[in-house]
Amino acid sequence: MTVVVLLGAPGAGKGTQAPILAEYLGVPVLASGDLLRAAVTARTPLGTTADRYMSRGQLVPDDTIVDIFLERLAADDAADGAVIDGFPRTVGQAVALDRALAKRGNRVDLALYIDVPEDLLVARMASRRICAANGHVYNIASNPPLEDSICDLDGSPLIQREDDSEATVRARMAQQIPPLNEVVEHYRTTGVLRPVDGLQPIELVTAALLAATDLELGRV
Ligand code: AP5
């Protein structure tokens, strides 16, 4: 089993890179934000609770997300591993993940940290668009679709995420970067942290992530 955790501040590029890395490794992407947004859309009890926090740019409490996310990680399609996007977001979540994997004789093999300075992220989020059908990620400045406002992959319209308003983005940065820094330190301590410069163009970030993966997972 290969477990790769993708870390980064809101807008650092996790959702852009996770599917590429997952395809390379032949494992699924498990994204906590997608799981929570699906629950909000379906108006489940989890979604109702999560929406209260997400709409304010706050992290959903650990006791709301941890069990549900670990259950998702234990599903059959992740038997060979996963690229995890958006979890853990706190040291409590990181410890819970370590414990759950250890029970099955596994561990986080690699924590890739896409490092981007905070002041550049707000602008990135303002120009982000996602497709309505599947959440494919674009950017009208750095990664536009071929046809204006239409997803290249499934033809659905491109929309802005509800939590990408400037006020919510600033709240997300303020509330979420301090716990992210603690999670980064957690993985530095366990020896699996590999930072990557997220300021480079998307293709170069991909190349750096794949090179770190090859090196650290002994694929070369
Ligand atoms: P989540 O969906 O995980 O959002 P996030 O972490 O804030 O990350 P984003 O999806 O906003 O950004 P990203 O890093 O994926 O960047 P992207 O690739 O889109 O979580 C949403 C909410 O759910 C949270 O706020 C929280 O409330 C809650 N939540 C989720 N998980 C939780 C957990 N574990 N615990 C508690 N609460 C949780 O890229 C951004 C833009 O930049 C795009 O337009 C892209 O095209 C562009 N771009 C990407 N890379 C580059 C590049 N190298 N150069 C130029 N542009 C680039």
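Our subject is the structure that appears above.
Residues numbered from 1 in each chain as written. Predicted model: local features only at pLDDT ≥ 70, side-chain atom pairs only at ≥ 80, totals over all residues. Heavy atoms only, no water.

A.B. asks: Is there a simple way to think about the site of the ligand in this case?
C.D. replies: The environment of the ligand is made up of 38 residues, and the closest members are T16, Q58, R128, Y138 and R172. A distance of 2.9 Å is found between a nitrogen atom of the ligand and a backbone nitrogen or oxygen belonging to G86. Here the ligand, which alone exposes 1,000 Å², has 96% of that area covered by the protein. Of all the secondary structure elements, the ones that give two or more residues to the shell around the ligand are α1 (14–25), α2 (32–41), α6 (118–126), β6 (137–139), α7 (166–190) and α8 (202–216). It is α2 that contributes the most residues to the shell around the ligand, four residues altogether. Residues of the shell around the ligand, tallied by class, amount to 15 nonpolar, 15 polar and eight charged. (Near = heavy atom within 4 Å. Polar contact = N/O pair within 3.5 Å; in protein donor to acceptor, adjacent residues only side chain to side chain. Areas by Shrake-Rupley, 256 points an atom, 1.4 Å probe, with all protein chains shown as cover. Helix = DSSP H or I, 4+ residues; strand = E, 2+ residues; numbered from the N terminus. Nonpolar A, V, L, I, M, F, W, Y, C, P; charged D, E, K, R; others polar.)

A.B. asks: Would you mind going over helix α3 (residues 45–54) with me for this structure?
C.D. replies: Because each turn of an α-helix spans 3.6 residues, side chains separated by three or four positions in sequence point in the same direction. Buried within α3 we find L46, G47, A50 and M54. For α3, the angular spread of the buried residues around the axis is 90°, confining them to a single face. Each element contacted by the buried residues of α3 is listed here: α2, α4 (62–73) and α7. (Buried < 20%, exposed > 50% of the residue type's maximum accessible area, 1.4 Å probe, protein only. Arc of directions from axis to C-beta. Contact = heavy atoms within 4.5 Å.)

A.B. asks: What is the right way to look at α7 in this model?
C.D. replies: For α7, spanning 25 residues, the distance from its first C-alpha to its last is 35 Å, which sits close to the expected 36 Å at 1.5 Å a residue. Along its length, α7 shows its largest kink, about 35°, at Q176, and proline P178 lies within four residues downstream of that point. The first or second residue beyond α7 is G191, which carries a positive phi of 85°. (Expected span 1.5 Å × (residues − 1). Bend = angle between axes of the 7 residues up to and from the residue.)

A.B. asks: What am I meant to see in the sheet that holds strand β7 (residues 158–159) here?
C.D. replies: Across a sheet, strands are paired by hydrogen bonds formed along the backbone, either parallel or antiparallel in direction. On the basis of which strands lie adjacent, the open sheet formed by three strands has the order β6-β5-β7 and antiparallel pairing. The open sheet has two edge strands with one neighbour each: β6 and β7. Relative to β6, strand β5 (residues 128–131) is paired through three bridges, and the arrangement is antiparallel. Its bridge partner lying in β6, R129 is registered against Y138. (Pairing = 2+ DSSP bridges.)

These figures come from the coordinates and say nothing about function on their own.
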